[in-house]
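If you want the building blocks of each chain, they are given just below.
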Amino acid sequence: PRRLRAGAMTMAMPRVLFFNQAGLYGGAERSLYDLVTHYPGHCRVVLMEAGPLYDDLIAAGVDTDVLGGGFQRATRRKWITLTIRLYSLIVVAIGLVRLSRGYDLIYANSMKAAVIAVLTKPFHRRKMVWHLRSLLIREHFSPLARLVARWCGNWGADLVIANSDATARAYQ
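For the structure given in this document, a descriptive report is provided here. Note that the structure is a prediction, hence the values are computed from the model and not measured.

Another point: the pattern of salt bridges. A side chain of one charge can pair with a side chain of the opposite charge if their charged atoms are brought near each other. Counted according to the given criterion, the structure contains two salt bridges. Among the salt bridges present, the one from Asp-65 reaches Arg-44, with a minimum N-O distance of 2.4 Å. Pair noted here: Asp-65 is in strand E5 (residues 64–66) and Arg-44 is in strand E4 (residues 43–47), with a separation of 21 residues, a long-range link. For Asp-158, the salt bridge identified is with Lys-121, shortest N-O distance 2.7 Å. Placement of the pair is Asp-158 in the loop between helix H6 (143–156) and strand E8 (159–162) and Lys-121 in helix H5 (residues 121–124), with a sequence separation of 37 residues.

Here it is, written out as structure tokens:
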């Protein structure tokens, strides 16, 4: 394996499985693209939907998978919509656990990715980093969503990285 040299200390380059919800570009996805294209051969990206990000990652030579695409359609009947979403979540969770084999770390790049990575942690048993990019404030998230996010960060993630001081303060 490739080794990093930091002074007198040498350590193996970890293999990282990057997990992101969107296949479309936003700020988090641009950051993800920049990160993984500079980490060739030691990472894989898992997306929950296809899109331009998927196409660009493949073109850049980054191992990339899409899990659960096409199952997010809504219908007029709520129970059908909920069943479809639950099925999609199960497909993504099983796929994440399966793909995590051979990786040292799961890097969740979105809140949905973090929740799924935390819920499946007893099965994948990998270290997990959550890159928190959303302000967890009542104007943006319901009380339940904020509670779940804090629970994921405090009890499931091994490390939470905030993209700004404001995001870190809102998380606390």
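So that's the structure; there's more coming.
Strand order in the open sheet made by the six strands is E5-E4-E3-E6-E7-E8, with parallel pairing throughout. Of all strands in the sheet, those bounded by a partner on one side alone are E5 and E8. Strand after strand, the sheet turns through a mean of 20° between neighbouring axes, direction not considered. Pairing of strand E3 (residues 16–20) with strand E6 (residues 105–108) involves four bridges; the strand directions are parallel. From the neighbouring strand, Val-16 faces E6, where its bridge partner is Leu-105.

Ranked by internal contacts, the top residues of the largest apolar core, which has 26 residues, are Leu-17, Phe-19, Leu-96, Ile-106, Ile-116, Met-128 and Trp-130. Those elements that place two or more of their residues in this core are E3, helix H3 (78–100), E6, helix H4 (111–119), strand E7 (127–132) and H6. No other element matches the six residues that H4 contributes to this core. Counting residues in hydrophobic clusters, the runner-up holds 15 residues, among them Val-36, Leu-47, Leu-53 and Tyr-107.

Parameters at a glance
Residues numbered from 1 in each chain as written. Predicted model: local features only at pLDDT ≥ 70, side-chain atom pairs only at ≥ 80, totals over all residues. Heavy atoms only, no water. Salt bridge = Lys/Arg side-chain N within 4 Å of Asp/Glu carboxyl O. Helix = DSSP H or I, 4+ residues; strand = E, 2+ residues; numbered from the N terminus. Pairing = 2+ DSSP bridges. Axes fitted to C-alpha atoms, helices over the stretch in contact; angles between N-to-C directions. Core = buried A, V, L, I, M, F, W, Y, C linked by side-chain atoms within 4.5 Å. Buried < 20%, exposed > 50% of the residue type's maximum accessible area, 1.4 Å probe, protein only.

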